[in-house]
Each structure stands twice: as C-alpha cells, then as structure tokens.
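# Inside the fold
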Protein chains: 4
Amino acid sequence: MAQKVLFINCTPKKSPEESNTRALCNDVAEVYEKEYGLRCDFIRVVDFNVLPGIESDMGKGDEWPEILERIKDADIIIVATPIWIGNISSLAQRVFERLEGTYSEGDPDNGQYPLYNKVGGAVITGTEDGAHFCAKTIQFCLMRFGCTIPPGADCYWVGPAGPGPSYIAAEGGRHLYTNRTKRTMVANTVFMAELLAKNRIPTNLLEVEEKAAAESTESIEIDWRSASKKESGKPKN
Amino acid sequence: MAQKVLFINCTPKKSPEESNTRALCNDVAEVYEKEYGLRCDFIRVVDFNVLPGIESDMGKGDEWPEILERIKDADIIIVATPIWIGNISSLAQRVFERLEGTYSEGDPDNGQYPLYNKVGGAVITGTEDGAHFCAKTIQFCLMRFGCTIPPGADCYWVGPAGPGPSYIAAEGGRHLYTNRTKRTMVANTVFMAELLAKNRIPTNLLEVEEKAAAESTESIEIDWRSASKKESGKPKN
Amino acid sequence: MAQKVLFINCTPKKSPEESNTRALCNDVAEVYEKEYGLRCDFIRVVDFNVLPGIESDMGKGDEWPEILERIKDADIIIVATPIWIGNISSLAQRVFERLEGTYSEGDPDNGQYPLYNKVGGAVITGTEDGAHFCAKTIQFCLMRFGCTIPPGADCYWVGPAGPGPSYIAAEGGRHLYTNRTKRTMVANTVFMAELLAKNRIPTNLLEVEEKAAAESTESIEIDWRSASKKESGKPKN
Amino acid sequence: MAQKVLFINCTPKKSPEESNTRALCNDVAEVYEKEYGLRCDFIRVVDFNVLPGIESDMGKGDEWPEILERIKDADIIIVATPIWIGNISSLAQRVFERLEGTYSEGDPDNGQYPLYNKVGGAVITGTEDGAHFCAKTIQFCLMRFGCTIPPGADCYWVGPAGPGPSYIAAEGGRHLYTNRTKRTMVANTVFMAELLAKNRIPTNLLEVEEKAAAESTESIEIDWRSASKKESGKPKN
C-alpha cells in the first residue's frame, strides 16, 4: 500500500490566502505523487484552534486532537515553516509543544511513542536566512518524538540577506539548489519509509527504562557552590 | 560481521588527560560492546593536527586524512562534545568544516557522499545547559553529510544552571535520564546500522542533479530593492 | 522619574495558574523594586488573544495592540519564557513575530523603531537545558527591534539533564547561580536604562538608508549555477 | 581620544589569502575611520597559534595572550566569521572558549571582567544562510564576557539558498541591506562606546556575589526520579 505523506504547514496565513511555504510544499508533493505514487495530505495549522499546552488534549475548543490523528496516520511527516527572525514560526513551535503529549502515549507493549517508525523531514521558506537553524530544529524535534531522519531530509528556499521577494515572487521553483534538495529529500524519505514499513524498530523502551533505572541512583546530593569553587580555573570538560 | 562504532571526542584536553566527554563515551561504548557485540573505536581530535579548511586534505602537516579514513571505515558515527557557552566545541565545529570536503568525493556511479548509509548520533557533556542545541547541530551536520539519524540518537549529561561538577565528579553515570538516553541511542543506532547494511540507500544523486537542473533556470535577475518596497507591510511567508 | 520594567511572561499557562516562569520574574522584580525603586508591570501573553501575523494590528479580536502599548511605555523589557525542546515557547516566538510590525512604525524624524532607547533582558526557566539558546534568541530579537543589551542581561534556572521539578518545586530561588545572574541583570539593565534616558541614541536611520542606497545597486544579476561550478572545491569564505 | 575598534576575523584562510569576511570588515572599517575618525585594528585568528583550552594562557606556544592584549586594548570588539553549516567557524568558537579565561581576571575592586564597558558587534559572510544564528551567538558570548550590545549591532552578507559566489565575487558591497546594517552598526557602536567611556558601569560583581550567596543554599538534595514521576502529565513551566 502506498505510503502517506503529511505536510504540516506552519504559515501564519489562514486559508485560502496564498502561502509561500505551501507553494514549496506543493512542489515537493508533486514529486512524491507523480514520481513515487505516494498520497499527500496537507494541514495548515493556523486554520485550527490549537491551544497552548503540552498535552494531547487541552480541553474545550482544542482542535489539536484532529491534527494529531492525521499525524498518527501518516508515514512521512514534513513540518513546513516560514522563518521569522531566524527561528521556526510560533505555529511550528506550538506543534512541537503539543507533540510533547505523545510522550505519555507509549505503546503498552514496548513503550514506543506514536511517532516511532515514521520518517521526518523539513521544508522551509523565507525571504532570507535562517533555514539551517529551522531545519535542524524541526528534524531534532521529530527525532525526539520517534521519527527517523534520513540524509538530505531538508528542502528550503531563501533569498539573499535582507528583505526581498519570497518563494513565489522570486520564482524559487526554478532555483537549482532548492530543486536538488527537494528531490533528494523525497527519494530518501520514501526509501526510509518503505524500509521501516517492513522492518519496525524493535527497541523496547520499557526494558530500556528498567535497565536504566537499575544502574541509576534514586537521588543526588551535590554541594553546587563548593563544587564550583573547587573547579574554578580548571577545564570543565 | 559486527558493525563498527566510532566515537569522535571533541574535548579540548589532550590524551591522557581525563575527559568527562570520554567518560560518557565509555559508558555508551560499554553497552555497544557488551550488550550488542559491536566494536568501538575512539578518536580524540585534539591529539591530531587538524588544519583549518574545508577540503579533505589541507596539505603539509594535516592529520585530518587519518581521521577521515577511520570515519569512512565506521558504520555508526558518534560525535561527542563538551558544551562551551551553549555551542559545540571548536574541535567539533572543525570536524564538520573538514567533512565539507566529502561533498566532492561522491561515488562515481551514484554521487553518494562517503558518509551515506552510515548512522549518526551525539554524545554531549557539560557542567550545564546547551545539550539540545549541540545535539541538533551534530545530528543535522551528520545528516547533511549522508548519515541517517534514528529516533533517540542523542545522549547527554548536564548539571543544573551555572558552574558545577561535570560528568565524572557528579557521578553522571548514575543519572537516570542519561542512562535512559544512552540505552535508547545504542539500541536504535544498532538497529538502523544493521538495516542499512542490508538495504543500501538507492538514491542516485547524479540523476537527482540532472532532473533538478532540467527544471531550474541558469540565472536569476531580481530587483531586490523594489521588490522589498512592494512587499513592505505584507506578510512574507 | 523611576524607570518602568515590563515582564512579558510567555508561559502556556493561563492566569491564575501557577507559573514557574512568573515565580522567577517575581524574584527578579523584587530586586528591581526594593533595591532600585523601579516599578514593575507583568503581562502573561496567554491571557490575551494575540493573533498570528507580522503587523501591529491583525484586525478583529486581536489583543496585541494592548500589549504593544505597554511595551512602548516601558524602559526595560524582560521577555520571560519557559523552554520547550530547547527553544523559546510558541508564545515568545509569537511576541517576536508581532514585534516585526514595529519596523514600519519608524519615527518620522529619525526613522528609529519604537523600541529604540529601551533596554532588553531575558528570564528563562525550564526543568532542564536550553537556556543559552533561549537567552541569545530573546536578546538578539530585542536588539533587532531597537533595544540595547547590557552585559549579564540574562537570568535563568534549569535543573540537570532530563525531566524533573521546575523552579518552584526545586526551590530555584535558593540557587546561587540564578541569584547571581538575577542581581547582575537587574543592576546592569537599571544602569543602562538611566543612561539611555539621559542620552538618546542619535542615529538617524533615514540618513543611514539614504547613504546605504547611494552605495548600492538597484538590482543584481548573478548566474548562481555557473558561479557554483567555478567555486567548487575552493574555500568559500 | 579616538575609540579603537578591533576586528577579530575568524576565517580559516591564512594571510595573505583573500578573505571574504575580511572584505566586509574593510567596508565596515572604512565607515568607522572616514566618517567617525576611529582607529581600526585587524586580527586574523588563523595566523596565530591559538591552543585549545579555556584559560587565558595555555602554555608553551600559545599565542592567544597576544590576541587577548589587543582585545583588552580595544573599545569596540567586532567578531567576524564566515558561516559553516549554519554555525560560527571553529576559529570563532575557539575565540569564545579562550575568552572564558577572562572570567577569572575580575577587577580586584569590583569583580568586573576585562571586557566590561566595551561594546560588541558581529560581522558575518557566507555564500548562504546562517547569519542570524551566528550573529546571536557572537553577541550573546560578547555580552556574557562584559560587552554591551547596542541595537543593530550585526552586519552581514549572504547569498540565496545553496552554494554560490561569496561577498567579493557577488559584489556584496553593493547590496543595500548589507550597507544599511553596516552603517547602523557603526553609528550605534560608536555612540555606545563614547557613552561608556564617560559612564562606566558601576555594578560591583563582588557585592552581587555576596548578596546572591546570602540568599542561596549551600547544597541541594532533590530526588529527581520521584519528582519526575510526580510531575508527569503536567505542564512543566
């Protein structure tokens, strides 16, 4: 059965306003669909009422549970964000805060969080600068929640230093580097998703916890102030 | 055949001085060796004369080529760093600068860089704060050079805010969280390395480049200043 | 007249729920008030409906304009955030996105943005790790919008690696390092705010723009692909 | 007396090789010198043997002490770096590691570190992306060591996503945004340096330490594991 790709677009612009980040997602999706036969789904986070918090359901009016269901249903998760002052958007950060709730939804048999055995990637647009930091942040968060990150799992377009046209106006879709990273990301995430579909990660996190607890102390008493004095002037690491 | 793990320790302390980062690497290596039967190799970068630059051989006196050979020989690459002012050490950054040279060592048949099909992870120690940023930076760089990053591929110990004892003095080896992440990282990197040993990534980067070039323009002319004016006051992404 | 301090608390918890970030702000405020005689004001961003976007007023229902008025009224701006997965909270990022709107509110005489001549600082709490990155992000954003950042302008508490008690439960208020940074931040921001009250930054950004435009081209044509080929294998910077 | 500016160029290229980062420094220096009458000094870190470590003198062969003297002699410190994989160069990180040694060189009367009352700024060049992160890192480190960061204290040039020509080849010196930030940085750092020359920061860090110690405990005992369990499922901050 064909793998499913979910693009989580974290633009601040509500549908149907045109989003540069969505435009790049579309270009990526076209490769997933036409060249690899995968199905692509799109979520624009700002269209939902995603309440602040770190649990999977923050109560009345919270529309995160619907997004979370679609995340759980996907095989490849692409978090797509515009860049604001060098960081992922507030909506992308909100997504990761809410995914913290999945830590407590471990599988009863092996403790694996719901995003285990999925594959993660990053799509980023900005008028300028910040894509490296956004890509590493997206990939790191997804990896923490259980995703595998294959090589080349980021695709972005940014213009040169300072304000300027964004992806659509600058015809970023004709930019060689962006197209190269787009195709690499698609090829490698598809391969990895198929591999993990046939070979589930066998790690039992409940056993990990048990073994870790057995070699750890229950409490720690450290005299931080005197320790600090003793170590002053000495290399710390 | 048993997979090989390489720990690249980026401490500023030369051998045989005691290194907290090495101490945590030892604890990680013990699990790789005793519980999974893998062989572990250790490099302390500061013991080598690694010249500044971004090519694989920077000429007379450069000892990076020896390190690079051992990197190419490994299946799992763990970059281990102490934290300095919230960032990876200068020696860790040097390693990534030198790995830029591998971009021009693509396989003649499929263009894959030499780190493709390897698995990456991060080990971090600090008296305090900065591990998240270091982990995401290490993983992102390794991913860019070709490594796959499985879930939970970071293990660290840090104390609370401010100066204090480091891993050895604080008995970080008895810290539950560190031990949990240690065991998760080992289990998941071993699984992924075995998987990739049997299933090489098929992506042909030469074909990717060809297709990307075909859909891209050779040059771009943009009037950045007027574009900036036109867009002022409008959401950019 | 006494300087005014504004704490912008970016916790996801609505009032009156107890906030660890607020608890540390209270401890900082006590020094501002009792030892320096300044007045402190507190905003909990989550209590307001701050719409996504990058303009100063995003229309119907947007309560950012009220927050912005209080920001403009303050002399010292402290952005306070909990840490989530090593990053500032989504509410803190939202604050910075909305402050982008101030770029277009330059003074008609000298072009200075409304946050010019104010002083910035950062307060951070987390159960663990990430304070350095959050501090640098907060300070950088505030600096971009016009604030001056004096030395030691960050104060934080975090526990050791992994989950654990936060500021209140861990009695972070008795932590030496946190108290040292608290007092340094207060002393240096008060000094700088008084200095800037008597000595306004004279830079005329309209003249800067004019001179910059005179030495710049209107448009740039670069053949990125051939440039890339020419440069391959050579150090880039 | 005229203020002195020190540019610390962290390029990996030894003199007299052409450095893009130096080229942008030259353009910045021209404004400092011709329009404000300041004297500019340049250090290319790679020309010195700066040993790894975190003390001000790491012994035989270490040439950091000479750099440190010139840093102490300057009023405005500009750390200039090329970007590598989104981070400051290994030589820039080395500079910050070595500046850790200044923490133990506090003034006997007020405890202030040697960089107190100086002004900091950042110059960054890259073929692409990463300037925001580099700027915030440079500014944060300088602030930690005692520098004040006025608004707009970063100047950079980067091209669009992916490889391409760097500052010199791309004629970055004609880029409007870079020139705007260049002139803003110069104007604001000059103003702040003159202000601090006449108004030294009065904070007594020895008194700060004393007061902080008086309100802090000597040691902390926390049962991290049970604390973690108690808090599970609850918002942490």
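Everything numeric here is computed off the predicted structure, so don't read it as measured data.

## Focus on the overall build of chain A
Across its full length, chain A holds seven helices and seven strands. The order of helices and strands in chain A, counted from the N terminus, is β-α-β-α-β-β-α-β-α-β-α-α-β-α. Seen through its C-alpha atoms, chain A measures out along the principal axes to roughly 60 × 50 × 40 Å. Within chain A, buried positions represent 67% of all 237 residues. Sequence separation of 24 or more characterises 78% of the internal contacts of chain A that already satisfy a separation of 6 or more. For chain A, the accessible area works out to roughly 7,800 Å², and carbon and sulfur atoms hold 47% of it. Charged side chains in chain A number 27 positive and 34 negative. The centres of these two groups are separated by 5 Å.

## A look at the side chain of S90(A)
Relative to the elements of secondary structure, S90(A) occurs in helix α3 (residues 90-99). S90(A) gets classed as buried once you look at its relative accessible area, which sits at 1%. A polar side-chain atom of S90(A) sits 2.9 Å from a polar atom in the side chain of R94(C). Filtering out sequence-adjacent residues up to four positions away, S90(A) remains in contact with S90(C), Q93(C), R94(C) and E97(C).

## Observations concerning the relation of the copies chain D and chain B
Expressed as a screw operation, the relation of chain D to chain B combines 0.0 Å of axial shift with a rotation of 180 degrees, fitting to an RMSD of 0.0 Å. Expressed as a symmetry operation, the mapping of one chain copy onto the other fits a two-fold axis. Minimal C-alpha distance to the rotation axis in chain D is attained by S90(D), lying at 2.2 Å. When the interface residues of chain D are mapped onto chain B, 100% of them again lie at the interface, so the same face is used by both copies.

## Observations regarding the pairing of strand β5 (residues 119-128) of chain A
All names here are of chain A. Along β5, ten of the ten residues are buried, which leaves the element largely enclosed by surrounding structure. With seven bridges connecting them, strand β3 (residues 76-84) and β5 associate as parallel partners. From the neighbouring strand, T81 faces β5, where its bridge partner is I124. Where β5 lies against strand β6 (residues 154-159), six bridges are found, and the strand directions are parallel. Paired with E128 across the strands is G159, a residue of β6.

## Points about the interface of chain D and chain C
Across the contact, 79 residues belong to chain D and 79 residues belong to chain C. Across the chain D to chain C interface the summed buried area is about 6,400 Å²; carbon plus sulfur atoms make up 61%. E215(D) serves as the salt-bridge partner of K182(C), at 3.1 Å between the closest nitrogen and oxygen. Linking chain D with chain C are 19 residue pairs in polar contact (both at pLDDT 80 or more).

## Quick notes on the domain arrangement of chain A
What the domain assignment lists for chain A is domain 1 (4-198) and domain 2 (204-237). Look at where the C-alpha atoms of domain 1 of chain A and domain 2 of chain A centre, and you get two points 35 Å apart.

## What about the packing of helix α2 (residues 64-73) of chain B against helix α3 (residues 90-99) of chain B?
Residues and elements named next belong to chain B. Remark: α2 packs on α3, axes separated minimally by 11 Å, with the N-to-C direction vectors making an angle of 80 degrees. Between α2 and α3, the angle falls in the class roughly perpendicular. Contacts from W64, L68 and I71 of α2 reach α3 at V95, R98 and L99. Split by residue class, the contact of α2 with α3 holds five nonpolar, no polar and one charged.

## Description of the relation of the copies chain D and chain C
In summary, the two copies of the chain are related to each other by a rotation about an axis coupled with a shift along it. Rotating chain D by 180 degrees and moving it 0.0 Å along the rotation axis overlays it on chain C with an RMSD of 0.0 Å. The share of interface residues of chain D whose copies in chain C are also at the interface is 100%, consistent with both copies meeting through the same surface.

## Topic: the interface of chain D and chain B
Counting residues at the interface gives 24 residues for chain D and 24 residues for chain B. When chain D packs against chain B, close to 2,200 Å² is buried across both sides, 65% of that on carbon and sulfur atoms. Per-residue buried area on chain D facing chain B is highest for W84(D), I85(D) and S90(D); these three make up 29% of the total on that side. Joining chain D to chain B, the criterion identifies zero salt bridges. Run the count over chain D and chain B and you get nine residue pairs in polar contact (both at pLDDT 80 or more). Within the residue set of the side of chain D that touches chain B, elements represented by two or more residues are β4 (87-88), α3 (90-99) and α4 (131-145) of chain D. Looking at which element gives the most residues to the side of chain D that touches chain B, the answer is α3(D), with six residues. Its residues assigned to classes, the side of chain D that touches chain B comprises 14 nonpolar, six polar and four charged.

## A short note on the pattern of salt bridges
Evaluated as defined, the whole model comprises 52 salt bridges over all chains. The partner of R183(A) in a salt bridge is E215(B), with the nearest N and O atoms 2.8 Å apart. Highlighted residues: R183(A) in helix α5 (residues 176-198) and E215(B) in the loop between α6 (205-214) and β7 (220-222), drawn from two different chains. The partner of K4(D) in a salt bridge is D73(D), and the shortest N-O contact between them spans 3.0 Å. Residue K4(D) is found in strand β1 (residues 4-9), and its partner D73(D) is found in helix α2 (residues 64-73); the two are separated by 69 residues along the sequence. Here K4(D) falls in the buried class, since its relative accessible area comes to 18%. Under the relative-accessibility criterion, D73(D) is labelled partly exposed at 45%. Here the salt bridges share partners, and the residues they tie into one network are E35(A), K182(A), R183(A), K211(B) and E215(B).

## With respect to helix α1 (residues 20-36) of chain A
Residues and elements named next belong to chain A. Counted at 1.5 Å a residue, the expected span for α1 with its 17 residues is 24 Å, and the 24 Å between its end C-alpha atoms agrees. Along α1, the residues that are buried comprise N20, T21, A23, L24, C25, V28, A29, V31 and Y32. In this fold, the buried residues of α1 make contact with β1 (4-9), β2 (39-44), β3, β5, β6 and α5. At the C-terminal side of α1, G37 shows a positive phi close to 70 degrees.

## Quick notes on the environment of Y113(B)
Residue and element names in this part refer to chain B. The topology assignment puts Y113 in the loop between α3 and β5 (119-128). According to the relative accessible area criterion, Y113 is partly exposed, its value standing at 21%. In this structure the C-alpha to C-alpha distance between Y113 and L205, which are 92 residues apart in sequence, comes to 9.1 Å. Filtering out sequence-adjacent residues up to four positions away, Y113 remains in contact with T102, Y103, G106, R144, F145 and L205.

## Let's talk about the packing of aromatic side chains
Residues and elements named next belong to chain B. Enumeration over the complete set of coordinates arrives at 32 aromatic pairs over all chains. When the ring of Y103 is compared with that of Y113, the centres are 5.0 Å apart and the planes differ by 75 degrees; the resulting orientation is edge-to-face. Of this pair, Y103 sits in the loop between α3 and β5 while Y113 sits in the loop between α3 and β5, and the two are ten residues apart along the sequence. Of the residues examined, Y103 reaches a relative accessible area of 30% and is grouped as partly exposed.

## Looking at the side chain of D62(A)
Residue and element names in this part refer to chain A. Among the structural elements, D62 can be located in the loop between β2 and α2 (64-73). Overall, D62 belongs to the buried group, its relative accessible area being 11%. Here the side chain of D62 touches L51 through a polar contact of 3.3 Å, landing on its backbone nitrogen. In contact with D62, not counting residues within four places along its chain, are N49, V50, L51, S56, D57 and R98.

## Some details on the packing of α3(A) against helix α3 (residues 90-99) of chain C
Their axes nearest at 8 Å, the elements α3(A) and α3(C) cross at an angle of 180 degrees. Of the possible angle classes, the one that applies to α3(A) and α3(C) is roughly antiparallel. Side by side, α3(A) and α3(C) meet where S90(A), L91(A), Q93(A), R94(A) and E97(A) of the first sit next to S90(C), L91(C), Q93(C), R94(C) and E97(C) of the second. Grouping the amino acids of the contact of α3(A) with α3(C) by side-chain chemistry returns two nonpolar, four polar and four charged.

## Section: the environment of V158(B)
Mapped onto the elements of the fold, V158(B) is located in strand β6 (residues 154-159). Discounting residues that sit within four places of it in the chain, V158(B) has contacts with I83(B), G126(B), T127(B), E128(B), D129(B), A131(B), D129(C), P160(C) and A161(C).

## Some points on the environment of A74(D)
All names here are of chain D. For A74, the location among the structural elements is in the loop between α2 and β3 (76-84). Between the alpha carbons of A74 and G152 there is a distance of 20 Å; along the sequence they are 78 residues apart. Once residues lying within four places of it in the same chain are set aside, the contact partners of A74 are K4, L6 and K118.

Criteria and thresholds
- Residues numbered from 1 in each chain as written.
- Chains lettered and ligands numbered in written order.
- Predicted model: local features only at pLDDT ≥ 70, side-chain atom pairs only at ≥ 80, totals over all residues.
- Heavy atoms only, no water.
- Helix = DSSP H or I, 4+ residues; strand = E, 2+ residues; numbered from the N terminus.
- Buried < 20%, exposed > 50% of the residue type's maximum accessible area, 1.4 Å probe, protein only.
- Contact = heavy atoms within 4.5 Å.
- Areas by Shrake-Rupley, 256 points an atom, 1.4 Å probe, with all protein chains shown as cover.
- Lys, Arg positive; Asp, Glu negative; His and termini not counted.
- Charge placed at Lys NZ, Arg CZ, Asp CG, Glu CD.
- Polar contact = N/O pair within 3.5 Å; in protein donor to acceptor, adjacent residues only side chain to side chain.
- Least-squares fit on C-alpha atoms with pLDDT ≥ 70 in both.
- Pairing = 2+ DSSP bridges.
- Buried area = accessible area lost by both parts, 1.4 Å probe.
- Salt bridge = Lys/Arg side-chain N within 4 Å of Asp/Glu carboxyl O.
- Domains from an automatic or database assignment.
- Axes fitted to C-alpha atoms, helices over the stretch in contact; angles between N-to-C directions.
- Parallel < 35°, antiparallel > 145°, perpendicular 65-115°, else oblique.
- Nonpolar A, V, L, I, M, F, W, Y, C, P; charged D, E, K, R; others polar.
- Expected span 1.5 Å × (residues − 1).
- Phe/Tyr/Trp six-rings, centres within 6.5 Å; stacked < 30°, edge-to-face > 60°.

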